[in-house]
Each structure stands twice: as C-alpha cells, then as structure tokens.
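A closer look at the structure
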Amino acid sequence: MRPSGLSFKRRPIARQRCEPASCVLSQSRSPLIVWFLASILVFPVTGIAAWAATGRRLSTWIGASGAVLGCGLGIIAAARALLGGTQPTLSLPWNLPLASFTIAIDSLSAFFLLPTFGISALAAIYGAGYEEHSGGHRAPGASWLWFNLLVASMAMVLVSRNGVLFLTAWELMTIASYFLVTSHDERPDVRRAGRIYLFAAHAGTACLLVLFLLLGANGTLDFDRFGPAGSRAAVGAGTLFLLAVVGFGVKAGFIPFHVWLPEAHPAAPTHVSAVMSGVMIKLGIYGLLRTISFLGEPPLWWGWVLLVIGLVSGILGVLYALAQHELKRLLAYHSVENIGIIAMGMGLGLIGMARHSPLLFALGFGAALLHVVNHAIFKALLFFGAGAVIRGAGTGEIEHLGGLLNRMPTTGAAFLTGAVAISGLPPLNGFVSEFLLLLGAFAAVGGDKLPVGIAGVALIAGLALIG
C-alpha cells in the first residue's frame, strides 16, 4: 500500500455560484484576504507617491516607509494563514480570455510569503540609507516605484491561482527587477547585464506560457482545474515537468540557465541584490513545487533530473565563486550553489515520492524548504555587509580589501556570522538544512533499492565537494 503524505494534496478552491457583486461581498470577508489586499495596494500607491515627490529625502522616506508598511501587513496575513491552517480565497471575474482574478493563501504560499516580505522590509530600510548617501543627479523616486512594484508582484506570484494572473505578476516582477538592475545605466556593464537578464527572463517566460497553455488544455487556466488527467490528455506529464524545470529554472538560477545571475546581481543596487538573491530567485523554486503538485505521482527520473541539476549547480557554483575577485559577483555565484542544494533536496524528495518512502520525502523536501528560508536570511545579510564594505572602502575588489575589521567592527561581525552560516557550519541555520539533507542521503544509502542508494551516494559526495 502507498504510504500517506507522499503527494501534494491540493484543497480545491471553493467557488460560489453567484452574481459578481455578491461574490465580492461573500468571499472578501476573510480578514486575512483584507490584510493581504491592503498590503498589495500600499506598494503601488506609495511607490507612485515617492516617484511624484520632490526632493531626495521626501521621496526616499515615502518609498521606504510604504515598503515597510506593506511588508508588515503582508507578514500578518501570511503568518496567520500559516499558523492558523486556513486557506483564505478570493475569486473575482476578469474580462480576459481564460482569466479570473483568483488568489489564495495556502500553507505553501504563506511559507514563501514570510521571507519575501521580511527580507524586502529589511532591504527597504537598508535602501533608505543607500539612497540617502548615494548622491548623483537622479532622484530616487523611480527606483522606489520599481522596488515597491517588485515586492507587490512577487507577493502576487505566490498567491495567484489562475495562469493569466500568475504570468501577469511574473512579467511585472521581471520588468520591475530589470529597471532596478539598470538603475545605474550610465555604465556599459550595467546596460549589458540588463540585456542579458531581460533576454534570459523572457526565454524562461516563453516556456512557462507553453506550460500553462498545455496545463489548461481543458479550457481553463484556474489552478484548481489543473490535474494529471487534463494535462496528460494533451501532452505527457514528463514534458510538462521539463518545461517547468526550464521555465522556472531560469529564474531560480539553475546551471546552465544561470547566465543572467552573476551579471545582474553585481550591477544592481545592494538592497536590490539582497532581494533578488535572497527571495526573488526562490520564486522559481516555488513555481516548480506548485507545478509538481498538478502532475500527480512522479516517476523516478524526475527526482534524478533535479538531483543532477542540483549537483552540477552546487559544485560548479562554488567553483565559480572561488575564482571571483569582486565581492558581489562572488556572492552571486554562491546563490547558484545554494539553489543547487535546494534542488538536491527536491530531487531526493521526488525520489522518495516515486519509491513511496515517507522518510526520504520528508527529509528531502524538508531540507529544501528550510534552506529556502535559511539562504534568504544569510544571503541578505551578506549582501548588506558587502554593500557597507563597498561604500566604506570604495571598492568591491577582494584583493584591495583588508584590515577593515578595526574600522568596521559591526559590519565585520555581521559578515562573519553570514559567512559561517553560508558555509554550513554549526550552530547556525545553514548547517541545519544541509544536515537534514545529509541525513536523507544516508537514509537513501541504507535503503534496500540500488537506484535510491546511488542517489544517496551522489548526494553525500556532492555535499562533501561543496563543503
């Protein structure tokens, strides 16, 4: 018999048959939806106000305060949904083909919303000081408009339950982050980074468009109508899985789809780099997890695909990082490495699902999801520290840095903490998620099935090389 808990059980989104006006009244009564919608509305309103404001200080104050307020409201909604076990839902008609404005905050969405809002709020506070002292001839209002739209679009990606709404939010996230990456477009390297990012992002979006059209072969793009039967009627589930791996893997930074990441992160302002590396690339992981939940029980090779991608990304990511001489570029390659660790955990979890092993399922996906949060925290800390060093020393070239601990003791202590965490050393958070993954690898080796044992050996070897 198949053990329980080995698949993503989706609770159907309740739909009421009523006139549009009564649907609005009946489904928007949930206080969590009200909190969330208030959060989303704060971002564009304050972003536009910051853009229209005159004076650097006023514009920065409006933009940063609005971002912090919006993130605070969003954290309340996400935390209550996650801890309360509820799934608040809102579904409204939308006069576009195959579209509906359907949002829901389930446990998976709430789990990703918490670091998204938390890191974005810290980045806004950091960014206020960054903009205050950056000088230059440009007013910061446009940057705050795009920053707030980036946070709002990331949140909408996480709660969207219709393919058109999801892709709209996904595209807005890409555009907003592009304009933030190219904030200093007077530099040729920044313009080049922006072009690479835009090309790679839209190549991934093209795969996602095909994916959703195939998933919606039964005539609707509402997520609660997706499923194995409708999907396989048009195309094999394996093809859908590969489309998701490529489409979402571009945003996540899987090797070989990572080409934009080491270019864009160093070019962006420091607080934007922290958001992009800490949380935005994790939306690729979220999208892949959400898509897997539509496709039914996975075959064994799905787990191997993610396991191999994770091993390649983890090992090559850290090797590329070792060869870097610029601080932010080094941190960008470490994001590729850590995304590889997350992919390894997901691969092990899928192998556990395919082999009906609750232990491998729990350890694999548990390690992957925990590392999503852990990496968001210590990578944001490291980027904040790198920005302070670059601001204080006037350069990010590692060979020119040294002897700063006496002059910047607080930054040094914070950066050291982040470095210990990203190295996976106890007792900090990076150690915990990697240790769970290592436990899963040893459990796989101790199993009685050869393919699973080989996966465990590959995981142990990969983690050892990355360490």
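This text goes with the structure placed above it.
A few points on the structure. Please read all numbers here as calculations on a predicted model, not as lab measurements. (Residues numbered from 1 in each chain as written. Predicted model: local features only at pLDDT ≥ 70, side-chain atom pairs only at ≥ 80, totals over all residues. Heavy atoms only, no water.)

1. Observations concerning the pairing of strand β1 (residues 89-93)
Cut-off, in case you're wondering: Two strands are said to pair when DSSP picks up at least two bridges between them. A run of DSSP states H or I qualifies as a helix once it reaches four residues; a run of E qualifies as a strand once it reaches two. Both are numbered from the N-terminal end.
Bridge analysis of β1 against strand β2 (residues 100-104) gives five bridges, and the strand direction is antiparallel. Paired with Thr-89 across the bridge in β2 is Ala-104. Hairpin remark: β1 followed by β2, antiparallel, with six residues in the connecting loop; positive phi at Leu-98, about 65 degrees.

2. Quick notes on the packing of helix α11 (residues 270-280) against helix α15 (residues 358-393)
Counted only if it meets this: Comment: axis = line fitted to C-alpha atoms, over the contacting stretch for helices; angle = value between 0 and 180 degrees taken between N-to-C directions. The scheme is simple: roughly parallel for angles under 35 degrees, roughly antiparallel for over 145, roughly perpendicular for 65 to 115, oblique for anything else. By definition, any crossing whose near helix is turned counterclockwise from its far helix by less than a right angle is left-handed, and any crossing with a clockwise turn is right-handed. Two residues qualify as a contact provided that any one of their heavy atoms is within 4.5 Å of a heavy atom in the partner residue. All residues other than Ala, Val, Leu, Ile, Met, Phe, Trp, Tyr, Cys, Pro, Asp, Glu, Lys and Arg, Gly among them, are scored as polar; the first ten of these are nonpolar and the last four charged.
Running from N to C, α11 and α15 cross one another at 160 degrees; their axes reach a closest spacing of 8 Å. Compared by their axis directions, α11 and α15 come out roughly antiparallel. Seen from above, α11 lies across α15 with right-handed handedness. Across from Thr-270, His-271, Ser-273, Ala-274, Ser-277, Gly-278 and Val-279 in α11, the residues of α15 making contact are His-375, Ala-376, Lys-379, Ala-380, Phe-383, Phe-384 and Gly-387. Residues of the contact of α11 with α15, tallied by class, amount to six nonpolar, seven polar and one charged.

3. Regarding the side chain of Thr-182
What counts, and what does not: Using a 1.4 Å probe on the protein chains alone, a residue whose accessible area is under 20% of its type maximum counts as buried, one over 50% counts as exposed, and one in between counts as partly exposed. Here a polar contact means two N or O atoms within 3.5 Å. Within protein one must be a hydrogen donor candidate and the other an acceptor candidate, and residues neighboring in sequence count only if both atoms are side-chain atoms.
The topology assignment puts Thr-182 in the loop between α6 (163-181) and α7 (188-215). Note on Thr-182: relative accessible area 10%, which makes it buried. Looking at Thr-182, its side chain comes within polar contact range of the main-chain oxygen of Phe-179, at 3.5 Å. Ignoring sequence-local partners within four residues, the contact set of Thr-182 consists of Val-190 and Gly-194.

4. Examining the packing of helix α9 (residues 237-252) against helix α12 (residues 282-292)
In the contact formed by α9 and α12, the axes pass within 7 Å of each other and the chain directions differ by 165 degrees. Classified by the angle between their axes, α9 and α12 sit roughly antiparallel to one another. Read as a crossing pair, α9 and α12 show a hand that is right-handed. Residue-level contacts link Phe-241, Ala-244, Val-245, Phe-248, Lys-251 and Ala-252 of α9 to Leu-283, Gly-284, Ile-285, Gly-287, Leu-288, Thr-291 and Ile-292 of α12. Across the contact of α9 with α12, the residue classes tally to nine nonpolar, three polar and one charged.

5. Concerning a nonpolar patch on the surface
Keep this limit in mind: In this scheme, patches are assembled from residues that exceed 30% relative accessible area and form no salt bridge. Like charges are connected within 9 Å, while nonpolar side chains (Val, Leu, Ile, Met, Phe, Trp, Tyr) are connected within 5 Å. Residue burial considers only the protein chains on display, and all accessible areas are found by Shrake-Rupley using a 1.4 Å probe. Salt bridge criterion: a side-chain nitrogen from Lys or Arg within 4 Å of a carboxyl oxygen from Asp or Glu.
A surface patch of nonpolar side chains, amounting to about 520 Å² of accessible area, comprises Val-308, Val-312, Leu-316, Leu-319, Tyr-320 and Leu-322. Residue position: Leu-322 is located in helix α13 (residues 300-322).

6. Examining unusual backbone geometry
Between Ile-255 and Pro-256 the backbone carries a cis peptide bond, its omega angle lying at 15 degrees. Note that Pro-256 resides in the loop between α9 and α10 (261-267). Put simply, Pro-426 and Pro-427 share a cis peptide bond, and its omega is 5 degrees. Residue position: Pro-427 is located in the loop between α16 (409-422) and α17 (429-445).

7. Points about empty space enclosed by the protein
Cut-off, in case you're wondering: Residues are called lining when one of their atoms sits within 4 Å of a cavity or pocket point, these points coming from a 1 Å grid over the protein atoms alone, where a cavity is a set in which a 1.4 Å probe fits but cannot get out and a pocket is an open set with protein on both sides within 12 Å along at least five of seven lines. Grid points are joined across faces, edges and corners, and a volume is the space filled by probe spheres set on the points.
Summed over the entire model, instances satisfying the criterion amount to two cavities of 30 Å³ or more. Around the second largest cavity, the lining residues are Phe-166, Phe-212, Phe-223, Phe-248, Gly-287, Arg-290, Thr-291 and Phe-294. Ranked by residue count, the leading element in the lining of the second largest cavity is α12, at three residues. For the lining of the second largest cavity, the class distribution of residues is five nonpolar, two polar and one charged.

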